Each structure stands twice: as C-alpha cells, then as structure tokens.
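Examination of the molecular architecture
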Amino acid sequence: MKIEVDFGKCTGLGICESLAPDHFEVNESGDLVLLKEDISDDELQAIEEAVAGCPTEALRIAKA
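All of the points below concern the structure found in this document.

What counts and what doesn't
- Residues numbered from 1 in each chain as written.
- Predicted model: local features only at pLDDT ≥ 70, side-chain atom pairs only at ≥ 80, totals over all residues.
- Heavy atoms only, no water.
- Helix = DSSP H or I, 4+ residues; strand = E, 2+ residues; numbered from the N terminus.
- Buried < 20%, exposed > 50% of the residue type's maximum accessible area, 1.4 Å probe, protein only.
- Polar contact = N/O pair within 3.5 Å; in protein donor to acceptor, adjacent residues only side chain to side chain.
- Contact = heavy atoms within 4.5 Å.
- Patch = residues over 30% accessible without salt bridge, like charges linked within 9 Å, V, L, I, M, F, W, Y side chains within 5 Å.
- Areas by Shrake-Rupley, 256 points an atom, 1.4 Å probe, with all protein chains shown as cover.
- Salt bridge = Lys/Arg side-chain N within 4 Å of Asp/Glu carboxyl O.

Here Glu43 lies in the loop between strand 3 (32–34) and helix 2 (44–53). With a relative accessible area of 15%, Glu43 lands in the buried category. A polar atom in the side chain of Glu43 sits 2.5 Å from the side chain of Lys36. Glu43 has contacts with His23, Lys36 and Asp38, leaving out every residue within four places of it along the chain.

Together, Leu13, Ile15 and Leu19 make up a nonpolar patch on the protein surface, roughly 250 Å² of accessible area in all. Residue placement: Leu19 occurs in helix 1 (residues 15–19).

Limitation: the analysis is restricted to geometry and does not speak to function.
Encoded structure:
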C-alpha cells in the first residue's frame, strides 16, 4: 500500500507528522514533505490514524 497526498488540500498543520513521523514532515515553510510513500504492515495503524486525523482529508491510503 502507498500514501497519497493531495497537496492542494494540505494546510501543513502537522497532525500526520505527530502520528507518523517516519512518513510525514512539515518543513520550515509549512509545507508537507512525504518522507516515505510505501506502507509496511507494521506501519499501517499509524498511517490509518494520520489519514483519519487529517482535518482537510488530504491523505489517503491506496493499494499499490
């Protein structure tokens, strides 16, 4: 599975970064940086929480 980001919807609040810091980072400019696109089975729960916690619905999980 992979993470998909709609950068047009993302406001850079950093909720995803706090829930899954190995995958997401908000840089100094306030822009989201996707550090790792692929999701392993043991990372799935944290990514699901990040997707659910995104207030702008900019994140989704897609099957690779």
